[in-house]
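# A structural walkthrough
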Amino acid sequence: VQLVESGGGLVQAGGSLRLSCFASGFIFSLNAMHWYRQAPGQEREFVATITSGGHTNYADSVQDRFVISRDDAKDTVYLRINNLKPEDTAVYYCNTFWISGTGKRHEYWGQGTLVTVSS
């Protein structure tokens, strides 16, 4: 399993970015996908989820500005971030997991993509 994020960079406050996460090594269309972020000196936090059926859920702090989507034909999940704020500065990680028939949790993370927002 591999998850490869891209799309981060340095942007000015008020701008927008679209992060991408290309997945391989598993049946992408059957899995929920998640985005997390980790700001400097802070713990990793949940950002957004999209289920295999396209249902979405967001952290309260990003509800109005972040949009998660997926393209199963491209095995890719996206995170659109609008109206970027300096507090959005973080490394953004793609994640997926599943529970096997034996009850074991299989969880995978990408390497992360850095988003830096200047004020």
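Each remark here, short or long, concerns the structure printed above.
Residues numbered from 1 in each chain as written. Predicted model: local features only at pLDDT ≥ 70, side-chain atom pairs only at ≥ 80, totals over all residues. Heavy atoms only, no water.

## A look at unusual backbone geometry
In this model, aspartate 75 sits at a positive phi of 50 degrees, which is unusual for a non-glycine residue. With respect to the helices and strands, the residue aspartate 75 is situated in the loop between β7 (66-71) and β8 (76-81). (Helix = DSSP H or I, 4+ residues; strand = E, 2+ residues; numbered from the N terminus.)

## Quick word on the sheet that holds strand β1 (residues 2-6)
Read from one edge of the open sheet, 4 strands run β1-β3-β8-β7, paired in antiparallel fashion. Whereas interior strands pair on both sides, the edge strands pair on one side only; in this sheet they are β1 and β7. Across the sheet, the axes of successive neighbouring strands diverge by a mean angle of 15 degrees, strand direction being ignored. Sheet topology note: the strand β3 (residues 17-24)/β8 ladder contains 6 bridges and is antiparallel. Note that in β8 the partner of leucine 19 across the bridge is leucine 79. (Pairing = 2+ DSSP bridges. Axes fitted to C-alpha atoms, helices over the stretch in contact; angles between N-to-C directions.)

## A few points about the nonpolar core
Of all hydrophobic cores here, the largest spans 28 residues; its most connected members are Met33, Trp35, Phe66, Ile68, Val77, Leu79 and Tyr92. Ranked by residue count, the leading element in this core is β3, at 4 residues. Discounting chain neighbours no more than four positions away, the residues touching isoleucine 68 are Met33, Trp35, Ala48, Thr49, Ile50, Thr56, Tyr58, Val77, Tyr78 and Leu79. (Core = buried A, V, L, I, M, F, W, Y, C linked by side-chain atoms within 4.5 Å. Buried < 20%, exposed > 50% of the residue type's maximum accessible area, 1.4 Å probe, protein only. Contact = heavy atoms within 4.5 Å.)

## Description of the packing of aromatic side chains
This model, assessed by the stated rule, comprises 6 aromatic pairs. Geometrically, the ring pair formed by phenylalanine 26 and phenylalanine 28 is tilted, given 6.4 Å between the ring centres and 50 degrees between the ring planes. On the basis of relative accessible area, phenylalanine 26 is assigned to the buried category, the value being 15%. The class of phenylalanine 28 is buried, set by a relative accessible area of 2%. An angle of 90 degrees between the planes, with centres 6.3 Å apart, marks the rings of tyrosine 93 and tryptophan 109 as edge-to-face. One end of the pair, tyrosine 93, is in strand β9 (residues 90-99); the other, tryptophan 109, is in strand β10 (residues 105-109), and 16 residues separate them in sequence. Judged by its relative accessible area of 34%, tryptophan 109 is partly exposed. Here arginine 44 stacks its cationic end above the ring of tryptophan 109, 4.4 Å away from the centre of that ring. The ring of phenylalanine 28 has arginine 70 lying over it, and the distance from NZ or CZ to the ring centre is 4.5 Å. (Phe/Tyr/Trp six-rings, centres within 6.5 Å; stacked < 30°, edge-to-face > 60°. Lys NZ or Arg CZ within 6 Å of the ring centre and 35° of its normal.)

## Points about the side chain of glutamate 5
Within the secondary structure, glutamate 5 is located in strand β1. Among buried Asp, Glu, Lys and Arg side chains, glutamate 5 stands out as unpaired, with arginine 44 the closest opposite charge at 7.5 Å. At a separation of 2.7 Å, a polar atom in the side chain of glutamate 5 contacts the main-chain amide nitrogen of cysteine 94. Polar side-chain contacts of glutamate 5 include one of 2.9 Å to the backbone nitrogen of glycine 112. (Lys, Arg positive; Asp, Glu negative; His and termini not counted. Salt bridge = Lys/Arg side-chain N within 4 Å of Asp/Glu carboxyl O. Polar contact = N/O pair within 3.5 Å; in protein donor to acceptor, adjacent residues only side chain to side chain.)

## Examining the pattern of salt bridges
Enumeration according to the criterion identifies 5 salt bridges in this entry. Among the ionic pairs, arginine 37 bridges to glutamate 45, the shortest N-O distance being 2.7 Å. Aspartate 88 is paired through a salt bridge with arginine 65; the nearest N and O atoms lie 2.7 Å apart. Residue aspartate 88 is found in the loop between β8 and β9, and its partner arginine 65 is found in the loop between β6 (56-58) and β7; the two are separated by 23 residues along the sequence. What makes aspartate 88 buried here is its relative accessible area of 0%. Linked through salt bridges whose partners overlap, the residues forming this network are Arg37, Glu45, Arg65 and Asp88.

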